[in-house]
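# Understanding the architecture of this molecule
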Amino acid sequence: MQISIIGSGYVGLVAGACFASTGNTVFCVDHNAEKISGLNKGLIPIYEPGLEELVKRGISNNRLKFTTSLQEAVAASEVIFMAVGTPPLPTGEPDLSYLKKAVQDVAKFMNGYRLIVNKSTVPIGSHQVVADWMAEHTQHPVDVASNPEFLKEGSAIEDFLKPDRVVIGTEKEEVYKKIAELYAPFVKQGNPILWMDPISAEITKYACNSFLATRISFMNELSQLCEKVGGDIEEVRKGMTTDVRIGKHFLYAGAGYGGSCFPKDIQALIETAKKNKVALEIVSSAEAANERQKKHLAEKIKKFYDGKLKNKTIALLGLAFKPDTDDIREAPAISIIDELLKAEVKIQAFDPAAMNNMKTIYKDKITYSTTLYDACKGADALVLVTEWNEFKQLDFQKVKSLLKSPVIFDGRNIYHPEKMKSLGFAYYGIGRRPLT
Ligand code: NAD
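It should be emphasised that the depicted structure is a prediction, and the values quoted were computed from it without experimental measurement. (Residues numbered from 1 in each chain as written. Predicted model: local features only at pLDDT ≥ 70, side-chain atom pairs only at ≥ 80, totals over all residues. Heavy atoms only, no water.)

Spatially, the six strands line up as an open sheet ordered β11-β10-β9-β12-β13-β14, and their pairing is parallel. Strands at the two margins of the open sheet, each flanked by one partner only, are β11 (367-368) and β14 (426-428). Of the pairings in the sheet, the one linking strand β10 (residues 346-350) to β11 comprises two bridges and is parallel in character. Within β11, the position partnered with Ala349 by the bridge is Tyr368. (Pairing = 2+ DSSP bridges. Helix = DSSP H or I, 4+ residues; strand = E, 2+ residues; numbered from the N terminus.)

Lining the immediate environment of the ligand, one finds 26 residues, of which Asp30, Lys35, Thr86, Glu153 and Lys264 sit closest. Contact distances for the ligand include 3.3 Å between an oxygen atom and a side-chain N or O atom of His31. Here an oxygen atom of the ligand and a side-chain polar atom of Thr86 are 2.6 Å apart. If you list the elements that add at least two residues to the shell around the ligand, you get α1 (10-21) and α5 (97-109). Per element, the largest residue contribution to the shell around the ligand is three residues, and it comes from α5. (Near = heavy atom within 4 Å. Polar contact = N/O pair within 3.5 Å; in protein donor to acceptor, adjacent residues only side chain to side chain.)

By the secondary structure assignment, Gly424 is in the loop between α17 (417-422) and β14. Between the C-alpha atoms of Gly424 and Asn118, which are 306 residues apart in sequence, the distance is 54 Å. Those residues in contact with Gly424 that lie beyond four places of it in its chain are Lys400 and Pro406. (Contact = heavy atoms within 4.5 Å.)

With that out of the way, let us pick up the packing of helix α12 (residues 281-304) against helix α13 (residues 332-342). At a closest axis distance of 8 Å, the pairing of α12 and α13 adopts a crossing angle of 35°. α12 and α13 meet at a crossing whose hand is right-handed. Listed contacts from α13 to Lys294, Lys295, Leu297, Ala298, Glu299, Ile301 and Lys302 of α12 are Pro332, Ser335, Ile336, Glu339 and Leu340. Of the residues that constitute the contact of α12 with α13, the class distribution is six nonpolar, one polar and five charged. (Axes fitted to C-alpha atoms, helices over the stretch in contact; angles between N-to-C directions. Left-handed = near helix turned anticlockwise from the far one by under 90°. Nonpolar A, V, L, I, M, F, W, Y, C, P; charged D, E, K, R; others polar.)

Below, the discussion takes up the layout of surface pockets. Its boundaries defined by the atoms lining it, the second largest pocket holds a volume of some 570 Å³. Along its surface, the second largest pocket is lined by 19 residues, and Glu227, Lys300, Lys303, Tyr428 and Gly429 are the ones closest to its centre. Within the residue set of the lining of the second largest pocket, elements represented by two or more residues are α9 (198-229), α12, α17 and β14. When the residues that make up the lining of the second largest pocket are grouped by side-chain class, the tally is eight nonpolar, three polar and eight charged. (1 Å grid on protein atoms, 1.4 Å probe; cavity = no way out; pocket = protein on both sides within 12 Å on 5 of 7 lines; lining within 4 Å. Points joined across faces, edges and corners; volume = space filled by probe spheres on them.)

A word on the pattern of salt bridges. Summed over the entire model, instances satisfying the criterion amount to 29 salt bridges. Linking Glu339 and Lys342 is a salt bridge whose minimum nitrogen-to-oxygen distance equals 3.1 Å. Of this pair, Glu339 and Lys342 both sit in helix α13, three residues apart, roughly one helical turn. When its relative accessible area of 10% is taken as the criterion, Glu339 is described as buried. (Salt bridge = Lys/Arg side-chain N within 4 Å of Asp/Glu carboxyl O. Buried < 20%, exposed > 50% of the residue type's maximum accessible area, 1.4 Å probe, protein only.)

Before going further, it helps to spend a moment on the nonpolar core. Most often, soluble globular proteins keep nonpolar side chains buried together rather than apart. The biggest cluster of nonpolar side chains holds 61 residues, and the ones touching the most others in it are Leu316, Leu317, Leu319, Met358, Leu382, Leu394 and Tyr415. Among the elements that take part in this core, α13 stands out by supplying five residues, more than any other. In contact with Leu319, other than residues within four places in its own chain, are Ile328, Ala331, Ala333, Ile337, Ala349, Asp351, Ala354, Met355, Met358 and Thr386. Residues Ile36, Leu64, Val117 and Ile179 belong to the second largest nonpolar core, which totals 42 residues. (Core = buried A, V, L, I, M, F, W, Y, C linked by side-chain atoms within 4.5 Å.)

Quick look at the pairing of strand β6 (residues 142-146) now. Within β6, four of the five residues are buried, leaving the element largely enclosed by the surrounding structure. Pairing of strand β5 (residues 114-118) with β6, which is carried by five bridges, proceeds in the parallel orientation. Across the sheet, residue Val117 finds its bridge partner in β6, namely Ala145.

Attention now goes to the side chain of Ser217. Inspection of the secondary structure puts Ser217 in helix α9. The contacts of Ser217, once residues within four sequence positions are left out, are Tyr257, Ala286, Ala289 and Asn290.

Next comes the structure, spelled out in structure tokens:
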């Protein structure tokens, strides 16, 4: 099939490379000319394991084309996926201006029927809004389907090539079949392609993210109770996850969730519920709990130093909102850095992939170290914010010799309190039982 994907970010680029890998010809369009020129040279603008190889293969077998020309892409494609950003507005509602511009431009270049597939995460009812926007600019017939994306940054290629399920929202069987044909190679092991109405498909995306975020916030709140009453959230987690009704995913207490999806999608769902006068109190509470949790680690550090943080130096490990990505959107590290900078703390940061992105926010307000051990040099304490694998087994003797004093704040509970104690560290996790 000849298809286009509009927007070559985390979702568009992954989707384009994966669809090209199964023999389709894919036009990846982006209005960012610099990004497109880099991609044409095989330069990948984001960190995502396995993506570079797939993109290079697609370019070399001429199935993956990068262009800024929407006209060229629309003319060549029967199916057009929308994967532009829908970032949050200050009101909490998603900014649909990128989507509106993109679909209206697509409409202007149409020379016959097209199937528009919405992969961007959009408010409930947007399939109709998109169809209306397009109708203002074309007389040609158009179908608009919803196909929410569930990939996770850090394992996006694997998630796309082996999805748990694919959701296709359309009232028309022929539209469902056309989209399902594209996904057929990815569900050979029997994972379902779910055909539903577009509104249910749009709700499904928000429901999944809100539910997962609620699980995290539930554990974060419980971890605070553990801290007060002397329990250990890790023991509690094990006790919960062995219950098959609960399962093991997204039940880790930590420094709060972030990223480009959970915070914005939850806010969007809350806004939609408000407009429709429906109480979504559980989701609202999950969001409020996360805002509190993002400040919790900084509060712990302040408490440890009795509020006297001025001129202390912190080695901060992990800037990305989670491991295996360079994405820092809504990253908990940002809340922690803001709190520490307010208290005039000096920050020596290290992240394997996200430092360039963080430089665009903090410039020279913090120091960017070349290795995690450099970050520890002369610091008063180590603060771990993102659980990259390479942080899991440190040379603790080296860390101890580099730090001014052996203090670790572990915002992701990746170290073992007993082990840290035996190594001579003062160790503070999230919701861990205090060592006597
Ligand atoms: P992104 O910001 O990484 O990429 C969006 C891209 O769209 C950018 O490269 C931008 O230049 C381009 N763009 C914007 N307007 C354009 C236009 N008019 N014409 C051409 N290109 C245009 O965003 P993302 O993380 O890939 O997310 C895209 C959508 O997918 C969002 O709605 C998001 O909520 C959703 N989503 C994201 C993830 C994720 O993990 N990132 C997962 C599932 C769903």
